[in-house]
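What the coordinates show
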Amino acid sequence: AAKDLGKNRFMVFENRMHEQLLTRLDQENRLREAVHRGELRLHLQPVYAVQEGQVAGAEALVRWQDPLRGLQQPGSFIPLAEETGMIIEIDRWILLEACRTLRHWQVENPWTAPAWVSVNLSAAHLDLPDLTDHVAYALATTGLSPRCLVLELTETVMMRDVAVTSARLQELRELGVRIAIDDFGTGYSSLGYLRDIPVDVLKLDRSFITGLVGNGRQQELVSAIVQLGHTLGLRVVAEGVEDAEELNLLTAMGCKFVQGYHLGRPEPAHQLYERLTTPALNG
Ligand code: C2E
Ligand code: MG
Ligand code: MG
Ligand code: MG
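Reading guide: rules and limits
- Residues numbered from 1 in each chain as written.
- Chains lettered and ligands numbered in written order.
- Predicted model: local features only at pLDDT ≥ 70, side-chain atom pairs only at ≥ 80, totals over all residues.
- Heavy atoms only, no water.
- Donors = N, O, S within 2.8 Å, 3.2 Å for Na, K, Ca; no water.
- Helix = DSSP H or I, 4+ residues; strand = E, 2+ residues; numbered from the N terminus.
- Buried < 20%, exposed > 50% of the residue type's maximum accessible area, 1.4 Å probe, protein only.
- Axes fitted to C-alpha atoms, helices over the stretch in contact; angles between N-to-C directions.
- Parallel < 35°, antiparallel > 145°, perpendicular 65-115°, else oblique.
- Left-handed = near helix turned anticlockwise from the far one by under 90°.
- Contact = heavy atoms within 4.5 Å.
- Nonpolar A, V, L, I, M, F, W, Y, C, P; charged D, E, K, R; others polar.
- Expected span 1.5 Å × (residues − 1).
- Arc of directions from axis to C-beta.
- Polar contact = N/O pair within 3.5 Å; in protein donor to acceptor, adjacent residues only side chain to side chain.
- Near = heavy atom within 4 Å.
- Areas by Shrake-Rupley, 256 points an atom, 1.4 Å probe, with all protein chains shown as cover.
- Patch = residues over 30% accessible without salt bridge, like charges linked within 9 Å, V, L, I, M, F, W, Y side chains within 5 Å.
- Salt bridge = Lys/Arg side-chain N within 4 Å of Asp/Glu carboxyl O.

As annotated in an unreviewed UniProt entry, the chain is EAL domain-containing protein from Actinoplanes hulinensis.

Structure (structure tokens):
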């Protein structure tokens, strides 16, 4: 009986693996189609300038309007997209859409348009020799000024191969676009790359902001990072600001840019546009 039970368990296990494999293949195929079927959506999250109390920029964040499961957050499909290389196409779509949207906004409503839009790039892009050409193409076809585009790469991605990375990023900066280190502080503890890799913006990871209130040691750490960034001539953006107390602490530390649910959640690009260009809804 014990043996039968074991065999049954094995079959259950095997069936489940089979199911998971099918689900994965199915999801992979459907994600591949999603790009062509126009199921990707551009969401924007505002970045506020603390002193002015105004929107300074916006981060482009991808969503997948899956006809089967509804609106999907990046966590549920970016890992698969990265494994399969589909991320290149997805990021390129977002880049183009983000440039087009901001350019349109600037033309229609220059007074309310954010000064920049930032776009996330996965690691795979740094291995492609035509990255700079592609970014130049996105700017040329949409008419967006390079000064209005920020490319975000995570710290871990930057440190993969410092020589290759700095060469690629230098090419991009020569176009006039800015480079941001995303999720700063979550990679390795080596700060040496700040000396070698050309960047313009430092995005302090949300994990440093969570629990900031009431933790003096963490406040000292964050304050020191903000100063380090400013000393190096970087723009510092604090991510994941969820309440007024966190905002007050960051303001006192001299942090000039903040992003987080307290200031605005990611929302469909047209919705943010309407919210900021309709005075009655402003606030
Ligand atoms: P990220 O680039 O660090 O983006 C910030 C993430 O933090 C976003 O999650 C945003 O919704 C979330 N967030 C912002 N403020 C708060 C807050 O106050 N509290 C909390 N709890 N979360 C906050 P999202 O949109 O789910 O994106 C997650 C990650 O997926 C991004 O992290 C980025 O690494 C990746 N991602 C998103 N869009 C793209 C894309 O177009 N291309 C690539 N390659 N990656 C993307
Ligand atoms: Mg980002
Ligand atoms: Mg981030
Ligand atoms: Mg993050």
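What follows deals with the coordination of the magnesium ion (ligand 3). Around the magnesium ion (ligand 3), the protein supplies Asp 182 (OD), Asp 183 (OD), Glu 239 (OE) and Glu 239 (OE) as donor atoms, at distances of 2.0 to 2.6 Å. Each donor residue of the magnesium ion (ligand 3) lies on one chain, and together they are spaced D-D-x55-E. A separation of 3.8 Å is found between the magnesium ion (ligand 3) and the magnesium ion (ligand 2), which are bridged by Asp 182. On the criterion of sequence distance, the pair formed by Asp 183 in strand 6 (residues 178-184) and Glu 239 in the loop between strand 8 (235-238) and helix 10 (244-252) is long-range, its members being 56 residues apart. Using a relative accessible area of 25% as the deciding quantity, one classes Asp 183 as partly exposed.

We now examine the packing of helix 3 (residues 87-108) against helix 11 (residues 269-277). Two quantities define a packed helix pair, namely the angle between the axes and the distance from one axis to the other. Two numbers describe how helix 3 lies on helix 11: the axes approach to 11 Å, and their chain directions differ by 25°. Classified by the angle between their axes, helix 3 and helix 11 sit roughly parallel to one another. In the packing of helix 3 onto helix 11, the handedness of the crossing is right-handed. Along the contact surface, helix 3 presents Thr 101, Trp 105 and Glu 108, while helix 11 presents Ala 269, Leu 272, Tyr 273, Leu 276 and Thr 277. Of the residues belonging to the contact of helix 3 with helix 11, the class tally is five nonpolar, two polar and one charged.

Taking 1.5 Å per residue as the helical rise, helix 9 (residues 216-231) with its 16 residues ought to reach 22 Å, and the 22 Å between its terminal C-alpha atoms agrees with that figure. Of all the residues in helix 9, the buried ones are Gln 218, Val 222, Ser 223, Ile 225, Val 226 and Gly 229. Buried residues of helix 9, viewed axially, fall in a sector of 160°; they line one side. Seen from the buried face of helix 9, the exposed residues on the opposite side, beyond 90 degrees, are Arg 217, Glu 220 and Thr 231. Looking at the buried side of helix 9, the elements it contacts are strand 6, strand 7 (201-204), helix 8 (206-209), strand 8 and helix 10. In this structure Asn 215 caps helix 9, since a side-chain oxygen of it lies 3.3 Å from the backbone nitrogen of Arg 217. Looking one or two residues past helix 9, Gly 233 carries a phi angle of roughly 80°, positive in sign.

Time to look at the site of ligand 1. Close to ligand 1 lie 23 residues; Arg 63, Asp 91, Asp 182, Glu 242 and Tyr 261 are nearest. One of the side-chain N or O atoms of Asp 182 is found 2.8 Å from an oxygen atom in ligand 1. In isolation ligand 1 exposes 800 Å². Once the protein is present, 83% of that is buried. Sort the elements by how many residues they give to the shell around ligand 1 and strand 2 (residues 54-66) lands first, with four residues.

Put simply, helix 3 and helix 4 (residues 131-142) touch, their axes get as near as 9 Å, and they point 30° apart. Judged by the angle between their axes, helix 3 and helix 4 are roughly parallel. Crossing geometry of helix 3 relative to helix 4 is assigned as right-handed. In this structure, helix 3 contributes Arg 92, Leu 95, Leu 96, Cys 99, Arg 100 and Arg 103 to the contact, and helix 4 contributes His 134, Val 135, Tyr 137, Ala 138, Leu 139, Thr 141 and Thr 142. By residue class, the composition of the contact of helix 3 with helix 4 is seven nonpolar, three polar and three charged.

Counting through the fold element by element, Ser 166 comes out in helix 6 (residues 162-175). Given a relative accessible area of 15%, Ser 166 falls into the buried group. One polar contact links the side chain of Ser 166 to the main-chain carbonyl oxygen of Ala 163, over a distance of 3.3 Å.

What follows concerns a nonpolar patch on the surface. Nonpolar side chains collect at one region of the surface, where Leu 191, Leu 228 and Leu 232 lie side by side and expose about 240 Å² of accessible area between them. For Leu 228, the position within the fold is in helix 9. For Leu 228, a relative accessible area of 31% puts it in the partly exposed group.

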